[in-house]
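What the coordinates show
The lines below spell out each chain.
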Amino acid sequence: PNLKISKMAFVSRFGVRLLSALTHQFRGRVQQSRAHTSLTTTSLQKFTSDVPRFGGIATMLRLPMEKDNLLNLDVCFVGIPLDTGTSFRSGTRHGPRQVRNESSILRPYNINGAAPFDSLRVADIGDIAVNPYNLPKAVEDITKAYRMILTDECIPLTLGGDHTITYPILRAVRERHGPVGLVHIDAHSDTHDTMFGEKIAHGTPFRRAVEEGLLDTQRVVQIGLRGTAHTPNDYQWAKEQGFRMIRAEECWHKSLVPLMETIREQMGDKPVYLSFDI
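Here we summarise the structure given alongside this text. (Residues numbered from 1 in each chain as written. Predicted model: local features only at pLDDT ≥ 70, side-chain atom pairs only at ≥ 80, totals over all residues. Heavy atoms only, no water.)

A look at the environment of threonine 217
Definition in use: Numbering of helices and strands runs from the N terminus, with a helix taken as a DSSP run of H or I at least four residues long and a strand as a DSSP run of E at least two residues long. Using a 1.4 Å probe on the protein chains alone, a residue whose accessible area is under 20% of its type maximum counts as buried, one over 50% counts as exposed, and one in between counts as partly exposed. Whether two residues touch is decided by their heavy atoms; if any such pair falls within 4.5 Å, the residues are in contact. We call two N or O atoms a polar contact when they sit within 3.5 Å, provided that within protein one can donate a hydrogen and the other can accept it, with sequence-adjacent residues counted only if both atoms are side-chain atoms.
The residue threonine 217 is located in strand β5 (residues 215–225) in this model. In this structure threonine 217 comes out as buried when scored by relative accessible area, which is 19%. Each C-alpha atom of the pair threonine 217 and lysine 239 lies 9.9 Å from the other, and the pair is 22 residues apart in sequence. Beyond its immediate sequence surroundings of up to four residues, threonine 217 is in contact with Val210, Gln241, Gly242 and Phe243. Within the local environment of threonine 217, its side chain forms a polar contact with the backbone oxygen of glutamine 241, the two atoms lying 3.2 Å apart.

Digging into the sheet that holds strand β4 (residues 180–185)
Rules: Only when DSSP finds a minimum of two bridges between them are two strands counted as paired. Axis lines are fitted to C-alpha atoms, over the contacting stretch for helices. Their N-to-C directions set the angle, which ranges from 0 to 180 degrees.
With parallel pairing, the 4 strands of this open sheet are ordered in space as β6-β5-β4-β7. Edge strands, defined here as strands with exactly one partner in the open sheet, are β6 (244–247) and β7 (272–276). Within this sheet the neighbouring strands show an average axis-to-axis angle of 10°, counted without direction. Here β5 runs beside β6; their pairing, made up of 4 bridges, is parallel. Residue pairing for β6: glutamine 222 is matched across the bridge by methionine 245. The sheet strands contacting helix α5 (residues 166–177) are β4, β5 and β7, and the helix crosses β7 at an angle near 165°. Relative to β5, helix α8 (residues 257–267) is tilted by about 165°, and along the sheet it contacts β4, β5, β6 and β7.

Structural notes on the nonpolar core
Where we set the bar: For the purposes of this section, nonpolar cores are sets of buried Ala, Val, Leu, Ile, Met, Phe, Trp, Tyr and Cys residues that join through side-chain atoms within 4.5 Å.
Ranked by internal contacts, the top residues of the largest apolar core, which has 39 residues, are Ile80, Ile142, Tyr146 and Leu215. Residue assignment for this core shows that the elements contributing at least two residues are β1 (75–80), β2 (122–127), α4 (135–151), α5, β4, α6 (205–211), β5 and α7 (236–241). In terms of residue count, α4 provides more of this core than any other element does, 8 residues in total. Setting aside chain neighbours within four positions, we find leucine 215 in contact with Leu170, Pro179, Val180, Leu182, Phe206, Ala209, Val210, Val220 and Phe243.

Here we look at helix α3 (residues 95–103)
Residues lying three or four places apart along an α-helix face the same way, a consequence of the helix completing one turn every 3.6 residues. For clarity, the threshold we go by: Think of it as the arc spanned by the lines of direction from the helix axis to the C-beta atoms.
Here α3 has its buried residues at Gly95, Pro96, Arg100 and Ser103. Projected down its long axis, α3 shows its buried positions confined to an angular sector of 130°, all on one face.

With respect to a nonpolar patch on the surface
Keep this limit in mind: Patch criteria: residues need more than 30% relative accessible area and no salt bridge. Like-charged residues are merged within 9 Å; nonpolar side chains of Val, Leu, Ile, Met, Phe, Trp and Tyr are merged within 5 Å. All accessible-area figures derive from a Shrake-Rupley calculation using a 1.4 Å probe, and residue coverage is judged against the displayed protein chains alone. The rule for a salt bridge is simple: a side-chain nitrogen of Lys or Arg has to be within 4 Å of a carboxyl oxygen of Asp or Glu.
A grouping of Val272, Leu274, Phe276 and Ile278 is seen on the molecular surface, where their side chains present a nonpolar patch of about 310 Å² in accessible area. Its location among the elements puts valine 272 in strand β7. Judged by its relative accessible area of 34%, valine 272 is partly exposed.

Remarks on the packing of aromatic side chains
Quick reminder of the rule: Two aromatic rings from Phe, Tyr or Trp, using only the six-membered ring of Trp, form a pair when their centres are within 6.5 Å; if the ring planes differ by under 30 degrees the pair is stacked, by over 60 it is edge-to-face, and anything between is tilted. The rule is short: NZ of Lys or CZ of Arg within 6 Å of the ring centre and within 35 degrees of the ring normal puts a charge over the ring.
As enumerated under the stated definition, the model contains 1 aromatic pair in all. Seen in terms of ring centroids, tryptophan 237 and phenylalanine 243 are 6.3 Å apart; in terms of plane orientation they differ by 80°. Their pairing is edge-to-face. On the accessibility criterion, tryptophan 237 (18% relative accessible area) is buried. Over the ring of tryptophan 237 we find arginine 207, and its NZ or CZ is 4.1 Å from the ring centre.

Remarks on the environment of valine 220
Examined against the element boundaries, valine 220 turns out to sit in strand β5. Considered as a pair, valine 220 and alanine 238 are 18 residues apart in the sequence and their alpha carbons are 9.7 Å apart. Setting aside chain neighbours within four positions, we find valine 220 in contact with Leu182, Leu215, Phe243, Arg244, Gln266 and Met267.

Now the structure itself:
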């Protein structure tokens, strides 16, 4: 809610492109018939048309809730209301609820042709129960929860939460897929070793991820880096690991299509984790 309109527009345009690409990527796989009892296009349209967008339970995109059987899903939205790892402004613990509320304005189809609900079975599965007073415990709880989600072959789309949450998610992802590529849109690299002496924080997730072998470092791209740093060498460690780092000004006044084409080529056909840190 505190974002400037220009920044929201940038994220929205970027998100639509990625959503369209992902829909195309998974369309062939998910159109294979698989027994399921809900979440068809017809039921989705009925669910979203019977209630005005300002009414009803504020699930993500006004999708149905599904807590018990993730085998019926291709994709799920899941919230992590945690901001214990932040170093400056708290409040992102309210992020999942607020994003869901804002998403009620969206409709199932985009005029650019993106129609994810025609080929993907999607639902909101609620929030992960995390301990706001014990960050290491919260990290363990997140990993356990995502281990269960990924076991059911459901692709999670996460609503945070500060960026600390990426580290425990990647731990579960590695167990399922091995080291993965990373496309990370952010003003900051989040590769500090420590913050106020702590190894786990919102500015350290990718340092921990590399140390634990969670990332394929030759398939890591960070886009939108900008602003100030603590030292002249804040990003040196990431460069030494092989991260591709694209500053914000490199994205100004130009189409992002050529950039995304090179990134898709770099990622190849192996698993990739996408992260927008706003």
